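Secondary and tertiary structure notes
Here is what each chain is made of, one letter per residue.
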Protein chains: 2
Amino acid sequence: MSYPANVKMVEVGPRDGLQNEADIVPTEIKAELIDRLADCGLPVVEAGAFVSPRWVPQMADSAEVLAAIRPKEGVNYPVLVPNVKGLERALEMKVGEIAVFGAASESFTQKNINCSIAESLERFAPVMEQARGQGLRVRGYVSCVLGCPYEGDIAVSAVAEVAEALYKGGCYEISLGDTIGVGTAAKARAMVEAVAARIPVSDLALHFHDTYGQALANILSCLELGVATVDSSLAGLGGCPYAEGASGNVASEDVLYMLEGLGVETGVDLDRLIATAWWISERLGRKPASKVALARGAK
Amino acid sequence: MSYPANVKMVEVGPRDGLQNEADIVPTEIKAELIDRLADCGLPVVEAGAFVSPRWVPQMADSAEVLAAIRPKEGVNYPVLVPNVKGLERALEMKVGEIAVFGAASESFTQKNINCSIAESLERFAPVMEQARGQGLRVRGYVSCVLGCPYEGDIAVSAVAEVAEALYKGGCYEISLGDTIGVGTAAKARAMVEAVAARIPVSDLALHFHDTYGQALANILSCLELGVATVDSSLAGLGGCPYAEGASGNVASEDVLYMLEGLGVETGVDLDRLIATAWWISERLGRKPASKVALARGAK
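Residues numbered from 1 in each chain as written. Chains lettered and ligands numbered in written order. Predicted model: local features only at pLDDT ≥ 70, side-chain atom pairs only at ≥ 80, totals over all residues. Heavy atoms only, no water.

With an unreviewed UniProt entry as reference, chain A is termed hydroxymethylglutaryl-CoA lyase, source organism Denitrobaculum tricleocarpae. On record in UniProt, under Sequence similarities (unreviewed entry), the comment for chain A is "Belongs to the HMG-CoA lyase family." Here chain A is described in UniProt, under the heading Pathway (unreviewed entry), as follows: "Metabolic intermediate metabolism; (S)-3-hydroxy-3-methylglutaryl-CoA degradation; acetoacetate from (S)-3-hydroxy-3-methylglutaryl-CoA: step 1/1." (UniProt positions renumbered as here; feature names shortened; annotations may be inferred.)

This is how it looks when you write it as C-alpha cells:
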C-alpha cells in the first residue's frame, strides 16, 4: 500500500468551523487563531468569507480579521467568495486566493442558493475570470459529493461534472466535500476515481466531515489513490454546537496523527496543533471535538 | 480493493465495555442488554467474566447474568476466564466458550497480572487444556498489540509470538487488541501481516480501541488483508466514564455502518443496533459514544 510522501493540510477551522458558532467570536480571537495555526506549520489557513452578513453573521468581520492577522511567508489565507461583490471586497483586502462553492446536488443547490447547478456555474464564471485576471488563485469546492441531505445518494458522474466545470473555469484545486459525512470508504474511492478520470489527482483535495465517524477511513482510502491534499478543522470545529456530539469537519489533529503514523510528511507540528485546539476550545467554552486532543489532554 | 464478503462481529460491550462502569449495572439490565444484542443479529456476545470481584466488581454477577439470559440458537456467549478456578465456574454455568487474556508487552503483563509473558502462557496452558477437554471453545486475546502504556512501541514479532503460543495452545481464534488505541493504519497492517505469517488470517480478529480516533481506518486497512472478524462495543461502551470524551472500544454501530458501506455482510441490523445503543446509554445516564448513534439520534 503506498501513500503520498507529502500531504498538504488545508486548515478550514477559522471559516468552515467558526461559521457554525452561534455566539460571535471576537475579531481578535479569530485573528489570533489564524496566526497560531500558521505557526503550527499549516501551509493553508482559510481565513474568512465575503458573504452576506445576513446569511453568515459570524463572517461579517472577515475584512477586519484579515487586517489583523500577521501574514506568514509561504502561507496561503484563502477567503470564500460567492459572487463578484465578494470578489471586490477580497481584492480590496489584497487576498492572494479565493474559493468558490458549488455542489453536486440539484436539490441542495436550489435550497442553498436558489438556482440550478448550471446557473450556479454561470454565476461563478465571471468571479473566476475576474479573479484570475487580477492574479488571484481560485479554489473550487464541490459539496454533497457522497450524499445530499435532500436527495440521498449522489451519482459520481454528477460530482465529476461539477468538478470538471470548476476546474475548466480556472480553479487550480478542487476540494471534494462530504458535507453531511455519510460516505464510506468504497464510495469515497469510487467518487475520487470518477473525478480523477477528468482532473489530475494532484489537483484534488478531500474535504470530509466526520458525522458518522467515517472521515479518517475515507481519507485513508483516497490517499491510496494518490490524493495529497486534505481539508480539516482544528479541534473538529464546525460541528453543530446545539446537537451535543454531532460532529462536522474531521479534526486536524486526528488527520495529522494518522498521517504521521503513515510516515507522510506535512510540515505541521502535532503537539502545537493539539495545544492550539485546547486554546480555541477554551475560548469557546468547551472541550475539543477531537479524539487525539482529548486523549492527549490539555498541556 | 477487496474486502471479505462476510464479517463476523463480536460484541464485547457487556463485558469489556461495562467492566469500566463505576456504578454497578443491575444484573437484569446486563442480561437484557445481552438478549437485545443477540436479537440484533450479532453472532457472538461476550457475556461476562469469571474473575475476582475484587479486581472487577462489575463482573461479580456474571453467573447470575448467564442464568438470566435467554440463550439464542446459534449465538455464542463467551466468558473471560483468567485461571482454572474461573474455568470451574464457567463449567458450572455450562458456557460453550471461554476467553483467555494475554499481552504482547512484558511491562503490561507484569503490572497487570504480576508475571512475565512466558509465565502467563504457562498459567493459561492448563486452563486451555481442561477447557478443550470439556468440549469448550477457547478464544485468545492479545493486548497491547499496537502499543503499551508503559513501553510505548511493541515489536510485531512480540505480538506474533504470543499469538502463536495461544493458537498452538488451543485457541481457535486470536483477537488482536490495540488496548490503548494508539495504532495507525500502516502499523496495524504490518502487525497483522506478521501474525498472519504464523496463524491463518481467517482465525484472527481485530479488537481496536478508538482512543485516538483511528479504529475504523485501522480496521479498514486490516480487512484488506482478509481479516474477517471484528470485536466492537455497542455505543462505544468501555471508555473511561471519568474522562469525558476519552473513548475505549470502537463502537459497534460505527463499524457496522462502515461495513454496510463496503457491501460486507454481517447479519446485524443497524437500526436495531442504534436503538439498543440508545437504550443502554439511557440506562447509564448518558449519550452513546458512537458517532453513528448520535448522527441518527434516538428513535
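We are not done yet, so read on.
**So, the sheet that holds strand S2 (residues 44-45) of chain B**
Residue and element names in this part refer to chain B. The strand order S2-S1-S9-S8-S7-S6-S5-S4-S3 describes an open sheet built from nine strands, whose pairing is parallel. A single partner strand is all that each edge strand has here, and the edge strands are S2 and strand S3 (48-49). When strand S5 (residues 97-103) meets strand S6 (residues 137-143), the two strands line up parallel, connected through seven bridges. From the neighbouring strand, Ala103 faces S6, where its bridge partner is Ser143. Here helix H7 (residues 156-168) sits on the sheet in contact with S5, S6 and strand S7 (173-178), set at roughly 170° to S6. Strands strand S1 (8-11) and strand S9 (229-232) of the sheet are contacted by helix H10 (residues 252-262), whose axis makes an angle of about 175° with S1. (Pairing = 2+ DSSP bridges. Helix = DSSP H or I, 4+ residues; strand = E, 2+ residues; numbered from the N terminus. Contact = heavy atoms within 4.5 Å. Axes fitted to C-alpha atoms, helices over the stretch in contact; angles between N-to-C directions.)

**So, the interface of chain B and chain A**
Between chain B and chain A, the residue contacts involve 31 residues of the former and 31 residues of the latter. Contact between chain B and chain A buries roughly 2,700 Å² in total, counting both sides, with carbon and sulfur atoms accounting for 60%. There are four salt bridges connecting chain B and chain A. One salt bridge connects Asp210 of chain A with Lys291 of chain B, and the closest N-O pair in it is separated by 2.9 Å. At the junction of chain B with chain A, the criterion picks out eight residue pairs in polar contact (both at pLDDT 80 or more). Among the secondary structure elements, those contributing two or more residues to the side of chain B that touches chain A are helix H8 (185-196), helix H9 (215-223), H10 and helix H12 (291-296) of chain B. Taken together, the residues of the side of chain B that touches chain A break down into 15 nonpolar, eight polar and eight charged. (Buried area = accessible area lost by both parts, 1.4 Å probe. Salt bridge = Lys/Arg side-chain N within 4 Å of Asp/Glu carboxyl O. Polar contact = N/O pair within 3.5 Å; in protein donor to acceptor, adjacent residues only side chain to side chain. Nonpolar A, V, L, I, M, F, W, Y, C, P; charged D, E, K, R; others polar.)

**Thoughts on empty space enclosed by the protein**
Residues and elements named next belong to chain A. Across all of its chains, the model carries one cavity of 30 Å³ or more by this definition. Roughly 40 Å³ of volume is contained in the largest cavity. Lining the largest cavity are Pro14, Lys30, Ile34, Ala47, Gly48, Gln58, Met59, Asp61, Ser62 and Val65. (1 Å grid on protein atoms, 1.4 Å probe; cavity = no way out; pocket = protein on both sides within 12 Å on 5 of 7 lines; lining within 4 Å. Points joined across faces, edges and corners; volume = space filled by probe spheres on them.)

**A few points about helix H2 (residues 27-39) of chain A**
Residue and element names in this part refer to chain A. Helix length check: H2, at 13 residues, gives a terminal C-alpha distance of 18 Å against a target of 18 Å (1.5 Å per residue), a fit within 8%. Of all the residues in H2, the buried ones are Ile29, Lys30, Ala31, Leu33, Ile34, Asp35, Leu37 and Ala38. As for H2, its buried residues are in contact with strand S1 (8-11), helix H1 (13-17), strand S2 (44-45), helix H3 (62-68) and helix H11 (270-283). (Expected span 1.5 Å × (residues − 1). Buried < 20%, exposed > 50% of the residue type's maximum accessible area, 1.4 Å probe, protein only.)

**Let's talk about the sheet that holds S1 of chain A**
Sheet strands line up and pair through hydrogen bonds in the backbone, either parallel or antiparallel. All names here are of chain A. Taken together, the nine strands give an open sheet; going across it, the order is S2-S1-S9-S8-S7-S6-S5-S4-S3, and neighbouring strands pair in parallel fashion. The sheet is open, and its two borders are formed by S2 and strand S3 (48-49), each paired with just one other strand. Where S3 meets strand S4 (residues 79-80), two bridges bridge the pair, whose relative direction is parallel. Along S4, the bridge assignment pairs Ala49 with Leu80. Contacting strand S5 (97-103), strand S6 (137-143) and strand S7 (173-178), helix H7 (residues 156-168) runs over the sheet at an angle of about 170° to S6.

**Quick notes on the nonpolar core**
In terms of nonpolar packing, the biggest core is built from 211 residues, with Ile98 and Ile219 of chain A together with Ile98, Leu166 and Ile219 of chain B touching the most fellow members. Ignoring sequence-local partners within four residues, the contact set of Ile219 of chain B consists of Leu206, Phe208, Val230, Val250, Val255 and Met258 of chain B. (Core = buried A, V, L, I, M, F, W, Y, C linked by side-chain atoms within 4.5 Å.)

**A few points about the environment of Leu18 of chain B**
Residues and elements named next belong to chain B. For Leu18, the position within the fold is in the loop between helix H1 (13-17) and helix H2 (27-39). Taking the C-alpha atoms as reference points, Leu18 and Leu223, 205 residues apart in sequence, are found 27 Å from one another. If we skip the residues at most four places from it in the chain, Leu18 touches Gly13, Val25, Lys30, Leu33, Gln58, Met59, Leu237 and Leu284.

**A few points about a negative patch on the surface**
Residue and element names in this part refer to chain A. Judged by side-chain charge, Glu106, Glu119, Glu122 and Glu151 come together as a negatively charged surface patch. Among the structural elements, Glu122 can be located in helix H6 (residues 117-133). For Glu122, a relative accessible area of 57% corresponds to the exposed category. (Patch = residues over 30% accessible without salt bridge, like charges linked within 9 Å, V, L, I, M, F, W, Y side chains within 5 Å. Areas by Shrake-Rupley, 256 points an atom, 1.4 Å probe, with all protein chains shown as cover. Lys, Arg positive; Asp, Glu negative; His and termini not counted. Charge placed at Lys NZ, Arg CZ, Asp CG, Glu CD.)

**Things to note about the relation of the copies chain B and chain A**
Note on the copies: chain B fits chain A at an RMSD of 0.0 Å, the axial shift is 0.0 Å, and the rotation between them is 180°. The two molecules are tied by a two-fold rotation axis, judged by turn and shift. Rotation axis and chain B: the residue whose C-alpha lies nearest the axis is Ala217 of chain B, separated from it by 2.0 Å. With an isologous cut-off of 70% or more, the 100% of interface residues of chain B that recur at the interface of chain A puts this contact in the isologous class. (Least-squares fit on C-alpha atoms with pLDDT ≥ 70 in both.)

**Side note on the packing of helix H8 (residues 185-196) of chain A against helix H9 (residues 215-223) of chain A**
All names here are of chain A. At a closest axis distance of 8 Å, the pairing of H8 and H9 adopts a crossing angle of 40°. The angle between H8 and H9 places the two elements in the oblique class. At the point where H8 passes H9, the crossing takes the right-handed sense. Each of Ala185, Ala188, Arg189 and Val192 in H8 lies in contact with H9, whose residues at this interface are Ala217, Asn218, Ser221 and Cys222. A per-class count over the contact of H8 with H9 returns five nonpolar, two polar and one charged. (Parallel < 35°, antiparallel > 145°, perpendicular 65-115°, else oblique. Left-handed = near helix turned anticlockwise from the far one by under 90°.)

**A closer look at the pairing of S9 of chain B**
Residue and element names in this part refer to chain B. Of the two faces of S9, both are covered, the one formed by Thr229 and Asp231 as well as the one formed by Val230 and Ser232. The pairing of S1 with S9 spans four bridges and is classified as parallel. Residue Glu11 lies in a different strand from S9, and its bridge partner there is Ser232. In terms of strand pairing, strand S8 (residues 204-208) meets S9 through two bridges, oriented parallel. Counterpart to Leu206 in the pairing with S9 is Val230. Following the chain from S8 across H9 to the adjacent parallel S9, one finds a crossover that is right-handed. (Right-handed = clockwise from strand over helix to strand, strands pointing away.)

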